[in-house]
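Survey of secondary and tertiary structure
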Amino acid sequence: SSGINAEWPLRPGEEEMAQRDLMAAEEALEAAKAADDQSKIAEAQRLKKEADERSRTSKMIKRLTQAIQSRDVNELETTISDAKKKKINGVETYVAEAEDLVNLLYAGMQLENACRDRSIEDIETAIQKINDAGYEKVLAKEMNEAELLLKKLKRLEFLKRQVMELKQQTIAELKSYSKPPPVVKFVMTATFLILGHNAKDIKQWNQMVVLMGKTGKESLKRRVQSFEPDNISWDVAEACQEILVGMDTGSVADVSAGAAVFYIWCDGMVEERLSLPIVIPKELKDFRRASIKREESNKNLTKGRTVDVLSRRSRSRDRIEAPVSKPAGRSKSSGKSPAAGTSKSPAVQRSAAQRNAAQSKSPAAQRGAAQSKSPAAQRGAAQSKSPAAQRG
């Protein structure tokens, strides 16, 4: 675009100045009406009208400039429509700039759609419109890409046309081989691999002869005509490239004119496919993302378990290495502290005293006490104190 493009057309603060002038004009008009001065009222009304026009113009210019900067078609069309409906003066240049940008964006989108559809006719039409409008410099990158694609598509169309123009007797010549020359077999093997057959289904020449003999939609020529290079998998393209290595159109044509046509088609298809980016299916992308998330989750889980085990080991080691303090006053002979009994609470001590008192009053305790006072017990005690007992 050759005009304003993305530059801000107003001086800094001009929109605010226009708004302040409008407010001042409105205040002057109110004051003139209050004073009932007709000359001042007329002057204030004129100033208010001018300020209002400047304010509307500055706001619309700002909207148009922002729409141009956004390069959004919907926003541009809405702003252009508003500017025309409100009949705002002083924005004609900006409206023309916005309209020019809308036309430019539509031309670019038309070219993009045509390239995506891989339509030779649509690409040529879009390129012609861009040239007629003078947008070729602005859309130089898109034009270069479109022209390269157009050249490739025309070449592929030529290759298809070559196959379609093959006479039936030429294909019959290929079928007539009972043991074809290696070059012919290699070329036709690559042809059927590109068309989607498995290698095991075309391992023998008679299997390929059957495929060449099909008619209708399954005929070889019809299948070649409707085939697109992006239907070839990357692995198949590389395999066919290896099959055809060392060959050229002249050497194949010396053996078979029909095989030479299929060689040209195969070579063009392989070259085109290998020039395209590798397209990863959505299912494979989802599977890879899920696998990565699962691996990260497992790593985090393993890391958490490792930290937990190390933490437990550290606590166990701390308990093992911690010194055991011996209570003060421990007896070497019995291993009991003399003050061990005093460590009991008063309630425990009272309970023990009550149990001892109860036991001392029990009948068994009283019988034991009575027996210790009996004459027999006293004689036993006396005998234990006699000289004979002491000598014994």
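To start, this report covers the structure provided alongside it. Since the model is a prediction, treat every value here as computed from it, not as a measurement. In this numbering scheme, every chain counts its residues from 1 along its sequence in written order. Residues qualify for local features only when their pLDDT is at least 70, as the model is predicted, and side-chain atom pairs are given and counted only at 80 or more; totals for whole chains, interfaces and linings, by contrast, use all residues. The basis for the side-chain values is all heavy atoms of the structure; hydrogens and waters are excluded.

**Points about the packing of helix 4 (residues 92-117) against helix 5 (residues 120-133)**
To keep it simple, the criterion reads: Axis geometry follows a simple rule: fit a line to the C-alpha atoms, using only the stretch in contact for helices, then measure angles between N-to-C directions, giving values from 0 to 180 degrees. Working definition: helices are DSSP H or I runs of at least four residues, strands are E runs of at least two. Numbering for both runs from the N terminus. Geometric relationships in this document are graded by angle, where less than 35 degrees denotes roughly parallel, more than 145 denotes roughly antiparallel, 65 to 115 denotes roughly perpendicular, and other angles denote oblique. Crossing handedness follows the turn of the near helix against the far one: under a right angle anticlockwise gives a left-handed crossing, and clockwise gives a right-handed one. Contact definition: two residues touch when any of their heavy atoms are within 4.5 Å.
The contact between helix 4 and helix 5 brings their axes to 8 Å, and the two run at 160°. By the angle between their directions, the pair helix 4 and helix 5 is classed as roughly antiparallel. In this structure, the crossing between helix 4 and helix 5 has a hand that is left-handed. When helix 4 is examined against helix 5, the residues A107, Q110, L111, A114 and C115 are found in contact with a partner set consisting of D122, I123, T125, A126, I127, K129 and I130.

**Here we look at the nonpolar core**
The cut-off we apply is this: The term nonpolar core refers to a set of buried residues drawn from Ala, Val, Leu, Ile, Met, Phe, Trp, Tyr and Cys, joined through side-chain atoms within 4.5 Å. Buried means the residue's accessible area, taken with a 1.4 Å probe over protein chains only, is under 20% of the maximum for its type, while exposed means over 50%, and partly exposed covers the values in between.
The biggest cluster of nonpolar side chains holds 36 residues, and the ones touching the most others in it are V187, M188, F192, I194, L220, F262 and W265. Where this core is concerned, the elements lending two or more residues are helix 6 (140-164), helix 8 (182-194), helix 9 (205-212), helix 10 (220-225), helix 11 (234-244) and helix 13 (257-275). Examining the composition of this core, we find that nine residues originate from one element, helix 13, more than from any other. The contacts of F262, once residues within four sequence positions are left out, are V163, L166, L174, V187, M188, T191 and L220.

**Some thoughts on the state of the cysteines**
For clarity, the threshold we go by: Any pair of cysteine sulfurs within 2.5 Å is marked as a disulfide.
With the rule as written, the count across this model stands at zero disulfides. Summary of cysteine pairing: C266 is not part of a disulfide, and the nearest cysteine sulfur, belonging to C240, is at 6.6 Å.

**Notes on the side chain of K160**
Examined against the element boundaries, K160 turns out to sit in helix 6. Not counting chain neighbours up to four residues away, the residues in contact with K160 comprise V224, Q225, F227, E228 and W265.

**Brief notes about the pattern of salt bridges**
The line we're drawing: Criterion for a salt bridge: a side-chain nitrogen of Lys or Arg within 4 Å of a carboxyl oxygen of Asp or Glu.
This model, assessed by the stated rule, comprises six salt bridges. Of the charged contacts, one joins R63 and D82 as a salt bridge, the two residues approaching to 3.0 Å between their closest N and O atoms. Taken as a pair, R63 in helix 2 (residues 38-70) and D82 in helix 3 (residues 73-86) lie far apart in primary sequence, 19 residues in all. Relative accessible area serves as the criterion here: at 30%, R63 is assigned to the partly exposed category. Residue D82 is classed as partly exposed on the basis of its relative accessible area of 22%. In this structure, E99 and K84 form a salt bridge, with 2.5 Å as the shortest nitrogen-oxygen distance. Highlighted residues: E99 in helix 4 and K84 in helix 3, separated in sequence by 15 residues.

**Comments concerning helix 9**
Selection criterion: Taking the helix axis as origin, the arc is that swept by the directions to the C-beta atoms.
Residues of helix 9 that are buried: W205, M208, L211 and M212. On an axial view of helix 9, the arc spanned by its buried residues comes to 115°, and they lie on one face. Helix 9 presents N206 and V210 as exposed residues on the side facing more than 90 degrees away from its buried surface. Where helix 9 is buried, its residues meet helix 7 (168-175), helix 8 and helix 10.

**Digging into unusual backbone geometry**
Even without being a glycine, R71 presents a positive backbone phi close to 55°. For K87, which is not a glycine, the phi torsion comes out positive at approximately 50°. By the secondary structure assignment, K87 is in the loop between helix 3 and helix 4.

**Brief notes about the environment of E147**
Along the chain, E147 falls in helix 6. Sequence spacing of E147 and E124 is 23 residues, and the spatial spacing of their C-alpha atoms is 8.7 Å.

**Let's talk about the side chain of H197**
Using the following cut-off: Polar contacts here mean pairs of N or O atoms no more than 3.5 Å apart (in protein, one a potential hydrogen donor and the other a potential acceptor; neighbouring residues in sequence count only if both atoms are side-chain atoms).
Looking at where H197 falls in the secondary structure, it is placed in the loop between helix 8 and helix 9. Within polar-contact distance, the side chain of H197 engages the side chain of R223 at 2.9 Å. Apart from residues no more than four positions distant in its own chain, H197 is found in contact with F192, I202, L211 and R223.

Honestly, that's just the spatial picture; any functional story needs more than this.
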